[in-house]
Amino acid sequence: MAELALSGDVARPARLTVADLLAWPQHQTQVSFECATSGARHHRFAGPLLHDVLTDAGPAFDPARRKDRLRFLVLLSGADGHHVLLSWAELDLDFGRVPVLLAVSIDETPLDRAGPQLVLPQDRCGARHISGITGIRVDGGYRPDA
């Protein structure tokens, strides 16, 4: 059973499996993207929103300072060595509100053994669709004045 480590600047770090991710509300999306190696791809994904999972982990930004969360970054790592860096602002409901999924199934096939897949439905290119996510790290250490 594949497992991902959720760590960094969060109150509740965790180790999560696809079965654990099924506890969050599930969202479905049809995705079409261009793959550099195999052309146009069309898939149906289902899973929780990355924002919901991260919010549940308790990101360490100051809720009294609305813009404090804008300095947070989210690094996702895949079993194959691929990495994607997102800003919290992309995911945040007050800012980008991008419906990024931690997919637990692709085309109705469960991803239990492979692990969740990062899905960015708005991307034209599939390069940020990482399979077999092994780690998610939330980092609020970025300070532009440092």
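Located above this text is the structure these notes cover.
Residues numbered from 1 in each chain as written. Predicted model: local features only at pLDDT ≥ 70, side-chain atom pairs only at ≥ 80, totals over all residues. Heavy atoms only, no water.

**Student:** Just checking my understanding: could you explain the environment of Arg71 for this structure?
**Tutor:** Here Arg71 lies in the loop between α2 (50-57) and β5 (73-78). Arg71 gets classed as buried once you look at its relative accessible area, which sits at 16%. With 59 residues separating them along the chain, Arg71 and Ile130 place their C-alpha atoms 23 Å apart. Within the local environment of Arg71, its side chain forms a polar contact with the side chain of Asp68, the two groups lying 2.7 Å apart. (Helix = DSSP H or I, 4+ residues; strand = E, 2+ residues; numbered from the N terminus. Buried < 20%, exposed > 50% of the residue type's maximum accessible area, 1.4 Å probe, protein only. Polar contact = N/O pair within 3.5 Å; in protein donor to acceptor, adjacent residues only side chain to side chain.)

**Student:** It is not clear to me how the pairing of strand β3 (residues 27-35) should be interpreted in this structure. Could you clarify?
**Tutor:** The two faces of a sheet get side chains in turn, since along a regular strand they alternate between them. Where β3 lies against strand β4 (residues 39-47), nine bridges are found, and the strand directions are antiparallel. Within the sheet, the bridge partner assigned to Thr29 lies in β4 and is Phe45. A loop of three residues connects β3 with β4, the two strands running antiparallel in sequence. (Pairing = 2+ DSSP bridges.)

**Student:** Sorry, what's going on with the sheet that holds strand β6 (residues 83-87) here?
**Tutor:** Working definition: the strands of a sheet are paired by backbone hydrogen bonds and lie parallel or antiparallel to each other. The five strands lie next to each other as β2-β1-β11-β5-β6, forming an open sheet whose pairing is mixed. Both outer strands of the open sheet, β2 (14-16) and β6, are each paired with one neighbouring strand and no more. Within this sheet the neighbouring strands show an average axis-to-axis angle of 15 degrees, counted without direction. (Axes fitted to C-alpha atoms, helices over the stretch in contact; angles between N-to-C directions.)

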